[in-house]
Number of protein chains: 2
Amino acid sequence: MIKQYLLSPGPTMVPERVLLRMAHPMIHHRTPQFSALFAETKQMLEQVFQTDNDALMLTCSGTGAMEASITNLCSPGDTIIVVNGGKFGERWSKIAPTHGVGVVEITVEWGQPVAIADVQAALAANPEVKGVFVQASETSTTTEHPIRQIAALTAEMPSCVTVVDAITALGVIDMPMDDWGLDVVISGSQKAFMLPPGLAMIACSEKYWRLSASASCKGFYFDLATERKSQRKGKDTTAWTPAASLITGLNEVLKMMLEEGMEQVYARHLLLAEATRAGVSALGMKLISSAPSVSATGAFVPDGVDGKALFAFLRDTMGVTFAGGQGHLQGRVLRIAHLGYYDLFDVIIALSAIEMALDRFGAPVTLGAGVAAAQAVLVNRFPRV
Amino acid sequence: MIKQYLLSPGPTMVPERVLLRMAHPMIHHRTPQFSALFAETKQMLEQVFQTDNDALMLTCSGTGAMEASITNLCSPGDTIIVVNGGKFGERWSKIAPTHGVGVVEITVEWGQPVAIADVQAALAANPEVKGVFVQASETSTTTEHPIRQIAALTAEMPSCVTVVDAITALGVIDMPMDDWGLDVVISGSQKAFMLPPGLAMIACSEKYWRLSASASCKGFYFDLATERKSQRKGKDTTAWTPAASLITGLNEVLKMMLEEGMEQVYARHLLLAEATRAGVSALGMKLISSAPSVSATGAFVPDGVDGKALFAFLRDTMGVTFAGGQGHLQGRVLRIAHLGYYDLFDVIIALSAIEMALDRFGAPVTLGAGVAAAQAVLVNRFPRV
């Protein structure tokens, strides 16, 4: 018997309370009962998005909503600016051409946030672009981009918006959509929303909706205007058959988040991130990022250790599943999540497991050193007696 | 949000696989379907008891089976020897008089195992006693008694048996009932069997059944001969309405245990016990017991710390539920379980939590010291790469 721990940055663990709620008998999605549940869920979701606009639920993964954010803005021949500093930034650049949309790419060194001057220069050189597409948290490099400053740039342009993939950021960090002028915010169910995958959420500004009216790439399933019409007050259901059990689960998740209080949710994530960073640093593992994300900590494995084998050993022999490296970081890093249904002893488990695994790989490690450094941060969560 | 961890020596955590199995639709207990399940469960249970006799399932807590072990052996006016080295030893002495059965008590200092010479002397002084009643593991003091040697003494007496409360020992340590000549072995569902409370198990030797024939305290619900007749091959069900979902869960638990292999189950428990002992010792906490049990580790809280407040802080503020002290140990000790659905990161959580709680109580503690000592033991579970 080896107990299993899922400590990856999505899918994350699902709270027992949510699993139980989703196990209730199936509810039909064209009934007043579902509409009542849906309307309540949408209203709570908009609180987490911090928007007065509609937060729409799409039955797809986050990638589907990323595609929708392009197709509902653009027509063939249009151009967008993409911030590409990792695997998810790169994804924008892969989606756009399938719709005949051109890409101006700002290539960012992995682990670095995009420089605002580079965005500014790209906008100046390409004043006709429809939008800047960027990750709030680039999960592949555990790096946060300066989305607020980017939105401030496009705010001054009448036909250009800022589109934010916040799949591993919404519900993790405080990112008030309306206040910051983010035109599109996208999230996914299997991250801070603590659900199984299969549901994406997207909210759009009035400016985006105005520009969207003339977009011709929309297609059918991902036509956001059709969804908005259906999901608004009065109909209160999705245009197409939804992942109803996930929406039921989302209803429960949002109650949990709002009961905890969003300030406390953000504070918890930050504490866990700071403890994890302290822990891996105490083990001599260098962070990947110069602007580390609050959703996951990525760190290089010690020299001489085969990161791919270490990752597999942790998962298959020790029962602890992290994320490894993507792209050129494959085999060189571990990514330790702390978003969603995550609490302080999950950080302790993560660090203890890494220490013991490094020991088994013959790497120089002081058992307990990373744990102790994390404890010194985590202990502040509790009052002195 | 505070995640909850149940690290007490019963009730213990229930594996997800077992929770899901018990959530299946209710099965009627007077059907061929239930009888097939029951027969399979009983046969597996007898493997864990290591007996060719019948392992019977009783719908009651362990205390019910303890009472049955007295009432099915004795008649009013009979006498038994009780080893009283803690709250559970004391329980025998409380049950017997309610049936007019006399008690010769061997009082043992809490935290000490009974001295065989004392049992020998008591038997010599009271040759007419019907049995010696003893805990394999006295949970209140986390101490193991020498049950094998006691059974060797009564084996030579034609009308005296050894009755073992193995509620926190069966499935934790290797205690072959038939080989060691234990006449009665009792267990409960919420310990190594990883189930919710509500089911007790009991197996009796041929010698016990022979002596039982003339016992007049039996009563009705706890008449073991009636149960044996019903639970044996052919009927394959309980005499009275059973806790059917717990028996369904037991079926799943036993499959898990036998799949893991009992040798590995015992080895896992021992490793977790040794790691926990190393951890609390590194924190300067003295063990309660000179013969520490493999099911739970009891240790004194540091001088100057209010153990009752520490226990409550761990449970209510940190989400980690241990057991405190009973009787005169109340407020002075913590008991940390490692029986049942318990794996090595549970030990890490336990020690990390205690360290941080001690810190908050202003006790001198080096964060990570207990964890590191435990890791040095636990790491041996994994192969070097």
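Each remark here, short or long, concerns the structure printed above.
All chains use their own residue numbering, which begins from 1 and follows the written sequence. For this description, chains carry letters from A and ligands carry numbers from 1, given in the order in which they are written. The predicted origin of the model limits local features to residues at a pLDDT of at least 70 and limits the giving and counting of side-chain atom pairs to 80 or more, whereas totals for whole chains, interfaces and linings rest on all residues. Where side-chain values are given, they derive from all heavy atoms of the structure, hydrogens and water being excluded.

Draft legend 1. Region of the structure containing the sheet that holds strand β9 (residues 184-188) of chain B. Residues and elements named next belong to chain B. The criterion for strand pairing is that DSSP finds at least two bridges linking the strands in question. For the purposes of this entry, the term helix denotes a DSSP run of H or I that reaches at least four residues, the term strand denotes a run of E that reaches at least two, and both are numbered from the N terminus. Taken in spatial order, the 7 strands line up as β2-β10-β9-β8-β5-β3-β4 in an open sheet, and their pairing is mixed. Looking at the sheet topology across the chains shown, the edges are occupied by β2 (55-58) and β4 (102-107). Direction aside, the axes of adjacent strands within the sheet are offset by 20 degrees on average. Across 6 bridges, strand β3 (residues 79-84) lies against β4 in parallel orientation. Following the sheet pairing, N84 is matched in β4 by T107. Interaxial angles span 0 to 180 degrees and are taken between N-to-C directions of axes, which are lines fitted to C-alpha atoms, for helices over the stretch in contact.

Draft legend 2. A look at helix α10 (residues 244-260) of chain A. Multiplying 1.5 Å by the helix residue count minus one yields the expected span of that helix. The first and last C-alpha atoms of α10 of chain A sit 24 Å apart over 17 residues, in line with the 24 Å expected at 1.5 Å per residue. Among the residues trailing α10 of chain A, G261 of chain A stands out with phi positive, at a value near 95 degrees.

Draft legend 3. Here's a closer look at the nonpolar core. Only buried Ala, Val, Leu, Ile, Met, Phe, Trp, Tyr and Cys residues count toward a nonpolar core, and they belong to the same one when joined by side-chain atoms within 4.5 Å. Think of it in three bands: with a 1.4 Å probe and only protein chains considered, a residue is buried below 20% of the maximum accessible area for its type, exposed above 50%, and partly exposed in between. Ranked by internal contacts, the top residues of the largest apolar core, which has 215 residues, are M175 of chain A together with M175 of chain B. Residue contacts follow a heavy-atom distance rule, with two residues in contact if any of their heavy atoms lie within 4.5 Å. Not counting the four nearest positions on each side in its chain, M175 of chain B is found in contact with F49, Q50, A136, I147, V164, A166, A169, L170, W180, L182 and V185 of chain B.

Draft legend 4. Geometry of the side chain of S289 of chain A. Residues and elements named next belong to chain A. Inspection of the secondary structure puts S289 in the loop between α11 (262-282) and β11 (296-300). Between N or O atoms, a polar contact is any pair within 3.5 Å; within protein, one atom must be a potential hydrogen donor and the other a potential acceptor, and residues adjacent in sequence are included only when both atoms are from side chains. Within the structure, S289 has its side chain in polar contact with the backbone oxygen of G111 (distance 3.3 Å). From its side chain, S289 meets the backbone nitrogen of A291 in a polar contact 2.9 Å long.

Draft legend 5. Summary view of the sheet that holds strand β8 (residues 161-165) of chain A. Residue and element names in this part refer to chain A. Across the sheet, which stays open at both edges, the 7 strands sit in the order β2-β10-β9-β8-β5-β3-β4 with mixed pairing between neighbours. One side of each edge strand has no neighbouring strand; the edge strands of this open sheet are β2 (55-58) and β4 (102-107). Sheet twist, expressed as the mean angle between neighbouring strand axes with direction ignored, is 20 degrees. Strands in contact with helix α4 (residues 87-95) are β3 (79-84), β4, β5 (131-135), β8 and β9 (184-188); relative to β3, the strand with the most contacts, it is inclined by about 160 degrees.

Draft legend 6. The arrangement of unusual backbone geometry in detail. Following G10 of chain A, the chain continues to P11 of chain A via a peptide bond in cis, the omega torsion being 0 degrees. With respect to the element layout, P11 of chain A can be found in the loop between β1 (5-6) and α1 (16-22). A positive phi angle, near 55 degrees, is found at D236 of chain A, a position not held by glycine. Looking at the secondary structure, you find D236 of chain A in the loop between α9 (224-231) and α10. Notably, M194 of chain B is not glycine yet its phi reads approximately 60 degrees, a positive angle. For M194 of chain B, a relative accessible area of 3% corresponds to the buried category.

Draft legend 7. Structural view of the environment of L339 of chain B. Residues and elements named next belong to chain B. Here L339 shows up in the loop between β13 (333-337) and α13 (344-360). L339 gets classed as buried once you look at its relative accessible area, which sits at 0%. The spacing of L339 and T12 is 327 residues in sequence and 7.5 Å in space, taken between C-alpha atoms. When neighbours within four sequence positions are excluded, L339 is seen to be in contact with P9, T12, T168, V172, K191, A192, H269 and S295.

Draft legend 8. Layout of the pattern of salt bridges. For salt bridges, the criterion is a side-chain nitrogen of Lys or Arg within 4 Å of an Asp or Glu carboxyl oxygen. Inspection of the entire model under this criterion finds 30 salt bridges over all chains. Salt-bridge contacts for K3 of chain A lead to D346 of chain B; the nearest nitrogen and oxygen are separated by 2.9 Å. One end of the pair, K3 of chain A, is in the segment before β1; the other, D346 of chain B, is in helix α13, on a second chain. Note on accessibility: K3 of chain A and D346 of chain B belong to one class, buried.

Draft legend 9. How the structure looks around the relation of the copies chain A and chain B. With an RMSD of 0.0 Å, chain A superimposes on chain B once it is rotated by 180 degrees and translated 0.0 Å along the axis. Both copies of the chain, as the preceding transformation shows, are related through a two-fold rotation axis. Nearest to the rotation axis, the C-alpha of G368 of chain A is located 2.7 Å from it, this being the minimum over chain A. Take the interface residues of chain A: 100% of them recur as interface residues in chain B, which is what a same-surface contact looks like. Least-squares superposition aligns the copies on the C-alpha atoms of those residues with pLDDT at or above 70 in both.

Draft legend 10. Local environment of the interface of chain A and chain B. With 41 residues of chain A at the interface, the matching set in chain B holds 41 residues. When two parts are brought into contact, each loses some accessible area as probed by a 1.4 Å sphere; the total of that loss over both is the buried area. Of the roughly 3,900 Å² buried between chain A and chain B, counting both surfaces, carbon and sulfur atoms make up 66%. If you sort the residues of chain A by the area they bury against chain B, M1, F345 and R360 of chain A come out on top, with a joint share of 23%. Along the contact surface separating chain A from chain B lie 2 salt bridges. Summed over the shared surface of chain A and chain B, the number is 21 residue pairs in polar contact (both at pLDDT 80 or more). Looking at the side of chain A that touches chain B, the elements with two or more residues in it are α13 (344-360) and α14 (369-378) of chain A. Here the side of chain A that touches chain B takes 11 residues from α13 of chain A, the largest share from any one element. In this count, Pro and Cys sit with the nonpolar residues alongside Ala, Val, Leu, Ile, Met, Phe, Trp and Tyr, while Asp, Glu, Lys and Arg are called charged and the others, Gly among them, polar. Counted by class, the side of chain A that touches chain B contains 25 nonpolar, 6 polar and 10 charged residues.

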